[in-house]
Amino acid sequence: MVIISNLSGLEDVLNSMEHKSIGYVPTMGALHEGHLSLIQLARKQSTFVLVTIYVNPTQFNNRKDFDKYPNTLDADIRILESEKVDALYVPTFEDVYPNGTDRLPYFDINNLDLILEGKYRPGHFQGVCSVLHRFISLIKPAKLYLGEKDFQQVKVVDTLLKNYLNELDVDLVVGPTVRDAKGLALSSRNKNLSIQGIERASFLYQYVHNQIMHSQFKNEDSRQIELRFNEFLLMNGFDSVDYIIIADPNTLKPISDFNSQARIFIAVFLEGVRLIDNFELL
Ligand code: AMP
């Protein structure tokens, strides 16, 4: 695996491999099985797999969250080598933001950046768009791999590709959410939870599967279901709930009954760690 640490190194690698089709997996590092599932998918589908590790400051609306984001670069490199990744790009800040971050262009992504996560993390998706627009423009991948764990991010990036990068004809591949044995979605932020916290965090999965998927609720108003879930979490040791919303998976707008297609979106705090998850409601 070639490790690229600056823009000219990236350009050298890209120029030397013109005819290969790149499968690109963007990450913020602290790699876990969720990332690996995307990398393995890319390995199967692409002749050249490129991974970026970059903790992007502009997508953090909370400085503390940015500061305590885990960094395990040495371990990550070993993992990527064992997965036979072709190239890892760990860019500098200047590579990503050559003109600084004070006057970044605004990305019109059909207001998808203003709801759910966007409402609670103002500017977050503009930051995601900034960094991915930069990386995709430089790397020009044939395929881009994203996880369903960040369902709204998938929608945002899909819109970014259509609205701003259409000429590159990037194929967006979405991988399923990888969970631990008790259903907790793997996340780099889980590294900041205690053992008890990890145990408790799986209540999200268990409640959705045991209470909400259950057909007895199918005629109930979504808002009632959300309220009850909220109460359950607060009674069971969660610090707070940013949102629990049952929404249409295409528009991400709340829906009141979910006899048709529906997905539940969750953002909660536990032990000071912000956890997000989403589930298709069948
Ligand atoms: P991150 O490093 O958190 O920016 O995530 C990098 C990519 O991995 C994103 O496309 C995420 O959606 C994806 N990802 C994160 N956690 C999981 C998971 N548990 N299962 C599948 N994909 C994931």
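Residues numbered from 1 in each chain as written. Predicted model: local features only at pLDDT ≥ 70, side-chain atom pairs only at ≥ 80, totals over all residues. Heavy atoms only, no water.

A. Representation of the pairing of strand β2 (residues 22-27). When you tally the buried positions in β2, you get six out of six residues, the bulk of the element. For β2 and strand β3 (residues 48-53), the ladder comprises six bridges, and the chain directions are parallel. Residue pairing in the sheet places V25 in a bridge with V51 of β3. Handedness of the crossover is the feature at issue here: the chain leaves β2, passes through helix α2 (residues 33-45), returns alongside β3, and the resulting connection is right-handed. Where β2 meets strand β5 (residues 143-147), two bridges bridge the pair, whose relative direction is parallel. Bridge pairing links Y24 to L144 in β5. (Buried < 20%, exposed > 50% of the residue type's maximum accessible area, 1.4 Å probe, protein only. Helix = DSSP H or I, 4+ residues; strand = E, 2+ residues; numbered from the N terminus. Pairing = 2+ DSSP bridges. Right-handed = clockwise from strand over helix to strand, strands pointing away.)

B. Inspection of the domain arrangement of the protein chain at higher detail. The domains assigned to the protein chain are domain 1 (2-175) and domain 2 (188-277). Measuring from the centre of the C-alpha atoms in domain 1 to the corresponding centre in domain 2 gives 27 Å. Opposite the 22 residues of domain 1 that make contact, domain 2 presents 17 residues. For the domain 1 and domain 2 pair, buried surface summed over both sides reaches about 1,800 Å², with 55% attributable to carbon and sulfur atoms. Its largest share of buried area at the contact with domain 2, domain 1 owes to L116, Y120 and F151, together 32% of the area lost on that side. At the boundary of domain 1 and domain 2, one finds three salt bridges. At the junction of domain 1 with domain 2, the criterion picks out 13 residue pairs in polar contact (both at pLDDT 80 or more). By residue number, the principal contributor to the side of domain 1 that touches domain 2 is helix α8 (residues 151-164), which donates three residues. Taken together, the residues that form the side of domain 1 that touches domain 2 break down as ten nonpolar, four polar and eight charged. (Domains from an automatic or database assignment. Contact = heavy atoms within 4.5 Å. Buried area = accessible area lost by both parts, 1.4 Å probe. Salt bridge = Lys/Arg side-chain N within 4 Å of Asp/Glu carboxyl O. Polar contact = N/O pair within 3.5 Å; in protein donor to acceptor, adjacent residues only side chain to side chain. Nonpolar A, V, L, I, M, F, W, Y, C, P; charged D, E, K, R; others polar.)

C. Local environment of the side chain of Q153. Within the secondary structure, Q153 is located in helix α8. When sequence neighbours within four positions are dropped, the list of residues in contact with Q153 reads F125 and V128.

D. Here's a closer look at the packing of helix α7 (residues 124-139) against α8. At a minimum axis distance of 10 Å, the contact between α7 and α8 shows a crossing angle of 50 degrees. The angle between α7 and α8 falls in the class oblique. In this structure, the crossing between α7 and α8 has a hand that is right-handed. Counted together, F125, V128, C129, L132, H133 and I136 of α7 and Q152, Q153, V156, V157, L160, L161 and Y164 of α8 form the full contact between these two elements. Here the residues of the contact of α7 with α8 are counted per class, giving ten nonpolar, three polar and no charged. (Axes fitted to C-alpha atoms, helices over the stretch in contact; angles between N-to-C directions. Parallel < 35°, antiparallel > 145°, perpendicular 65-115°, else oblique. Left-handed = near helix turned anticlockwise from the far one by under 90°.)

E. Spatial organisation of the environment of K44. Counting through the fold element by element, K44 comes out in helix α2. Judged by relative accessible area, which is 73%, K44 ranks as exposed. Sequence separation between K44 and N190 is 146 residues, and the spatial gap between their C-alpha atoms is 28 Å.

F. Focus on the site of the ligand. If you check the shell around the ligand, you find 17 residues, and the closest are M28, H35, D150, V178 and L186. At a separation of 2.8 Å, an oxygen atom of the ligand approaches a polar side-chain atom of H35. With respect to the ligand, the side chain of D150 contributes an N or O atom lying 2.6 Å from an oxygen atom. For the shell around the ligand, the secondary structure elements donating two or more residues are β2, α2 and β5. Residues of the shell around the ligand, tallied by class, amount to eight nonpolar, seven polar and two charged. (Near = heavy atom within 4 Å.)

G. Molecular detail of helix α1 (residues 7-15). The complete set of buried residues in α1 reads L7, L10, V13 and L14. Take α1 and look down its axis: the buried residues cluster within an arc of 120 degrees, on one side only. Relative to its buried face, α1 has exposed residues pointing more than 90 degrees away, namely D12 and N15. Buried positions along α1 lie against β1 (2-4), β2, β3, β4 (87-89), α5 (93-96) and α7. (Arc of directions from axis to C-beta.)

H. Fine view of the sheet that holds strand β9 (residues 273-281). Judged by pairing direction, the sheet is antiparallel, and its three strands sit side by side in the order β7-β8-β9 without closing on themselves. For this open sheet the edge positions go to β7 (240-247) and β9, each flanked by a neighbour on one side alone. Going from strand to strand, the sheet's axes swing by 10 degrees on average, the running direction of each strand aside. Pairing geometry for β7 and strand β8 (residues 262-270), over seven bridges, is antiparallel. By the bridge assignment for β8, S240 is matched with F269. The sheet strands contacting helix α10 (residues 203-212) are β8 and β9, and the helix crosses β9 at an angle near 30 degrees. Across the sheet, helix α11 (residues 222-235) touches β7 and β8, and the angle it forms with β7 is around 155 degrees.

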